[in-house]
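# Structural description and commentary
Okay, here's what each chain looks like letter by letter:
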Amino acid sequence: MLEFIHTAPCMDWLNGLEPDMSVKVLTCLDNPKDLVRISTVSCTWRQIVVENGLCKKLCLRMFPQLSRVGHVIESNNSDAKDYAEVGSSNSKEWDTLEREHRVYAFLAHACTSFPEGDCISKAISASSTDNYPEESIEHTLVFSVARRASYWSSKGQKNPAVPEMLTYKLKSDFVIITEINIHPFKAYFQHGSPIYSARGVRFRMGHAKFPIVEIDPMEESCHDDKFEWTHTSQVFPMAQKNCLQTFKLPEPVLCIGGFLQIELVGRVQRQEMDDLFYICVSHVQVKGKSLGPAFSVETNVPSGLFVLKRQTKFNQPSLPENESNAISTGDLERHGREMLPIVNVLRANVDFEEYYE
């Protein structure tokens, strides 16, 4: 194989493999830039990448939540509808594959290159509020209000097992969430300065079942009838400490629909004056990457599947700066040598660990 690469570097060595093996080799690539690169090597390589939906498969490996995407659309504005396809069935099928390739290639690129930051747009509702508006959920998004304590407080409960829910709207329909930070409130104005933390916390991510115009902040409900939660995390233990506590997800989660619910599980602090259990939170942060407005999603479709929309006015996925779209002969030789272990393993010629001994 090495001899083949050295003696005929301009030949397409992937043609020497069975089609299924070619797909297996290219599926081993886990960097979206690599898939964009190899699709420029030759028409054959591009056809393999596009026909087998390798960019889509890469996105699904990164974020299984995308399995509910049933259709993709490219448009120049958020109100544009998918264009009518004309021509032969073969040409329409290829156009569909090409469009999916472009959308998922850019999505994979965006997932790795968009900047990370705080992803909360606004507070939606709390399952209960002790004193509104002085102790409303809106206060969890600011650090102080006119030099006084800024926090949300639940109503008191005799049963410490009663949970509370805080619901937030994120900055876009497509947000990659990596961690959520929560600061329990320390009531310095009460005897002993108690900390009203929860025993644990669980996170739900999803979309609204129908367009939400406004939710009455005085309405005490978790509003689960208004949302469909497509991801539910494990329960993370929360410490009874006066600090911003980080709850890092085991794997980044793609929130499709742009809503996050924080479930505060169990109460640990009783208030001295009424002997009831409360949960109080002074601050909430959601860390991750907002992929809007480059991407949006239509969730309320009859099929129950999502429509993924990409705005084409945003940049296409590209190669690193100053790197040509055409791969040089030297690069092709190098990539060929790098892929040789994979090819040999698939052909059962050599054990992978043996190759590197």
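So, a few notes on the structure that sits alongside this text. Everything quoted here is computed from the prediction, not taken from an experiment.

Here is what the cut-offs are and how they apply
Residues numbered from 1 in each chain as written. Predicted model: local features only at pLDDT ≥ 70, side-chain atom pairs only at ≥ 80, totals over all residues. Heavy atoms only, no water. Pairing = 2+ DSSP bridges. Helix = DSSP H or I, 4+ residues; strand = E, 2+ residues; numbered from the N terminus. Axes fitted to C-alpha atoms, helices over the stretch in contact; angles between N-to-C directions. Core = buried A, V, L, I, M, F, W, Y, C linked by side-chain atoms within 4.5 Å. Buried < 20%, exposed > 50% of the residue type's maximum accessible area, 1.4 Å probe, protein only. Contact = heavy atoms within 4.5 Å. Phe/Tyr/Trp six-rings, centres within 6.5 Å; stacked < 30°, edge-to-face > 60°. Lys NZ or Arg CZ within 6 Å of the ring centre and 35° of its normal.

## Here we look at the sheet that holds strand β1 (residues 69-75)
The 3 strands are arranged β1-β16-β15 in an open sheet whose pairing can be described as mixed. Only two strands of the sheet have a single neighbouring strand rather than two, namely β1 and β15 (295-298). Adjacent strand axes in the sheet meet at a mean angle of 25°, parallel and antiparallel pairs treated alike.

## Here's the deal with the nonpolar core
Membership of the largest hydrophobic core comes to 36 residues, with the highest contact counts inside it found for L66, L107, F174, L291, F295 and L308. Considering each element in turn, this core owes the most residues, 8 residues, to helix α6 (residues 89-113). If sequence neighbours within four positions are ignored, L66 has contacts with C59, L60, L107, F174, L254 and I256. Grouped together as the second largest cluster of nonpolar side chains are 30 residues, I120, M238, V253 and V284 included.

## A word on helix α4 (residues 43-51)
W45, I48, V49 and V50 are the residues of α4 that are buried. In the segment just after α4, G53 is the residue with positive phi, at about 55°.

## So, the packing of aromatic side chains
Enumeration according to the criterion identifies 13 aromatic pairs in this entry. A centroid spacing of 5.5 Å and a plane angle of 75° characterise the contact between Y188 and F189, whose relative ring orientation is edge-to-face. Take F189: its relative accessible area is 46%, and that puts it in the partly exposed class. Plain terms: the ring middles of F203 and F236 are 5.8 Å apart, the flat faces sit at 45° to each other, and that makes the pair tilted. Here the residue F203 occupies a position in strand β7 (residues 198-208), and F236 occupies one in strand β9 (residues 236-237), the gap between them amounting to 33 residues. Neither residue differs from the other here; F203 and F236 are each classed as buried. Here the aromatic cluster, defined as three or more aromatic residues joined through ring pairs, consists of F106, F114, F174 and F295. The ring of F259 has K169 lying over it, and the distance from NZ or CZ to the ring centre is 5.2 Å.

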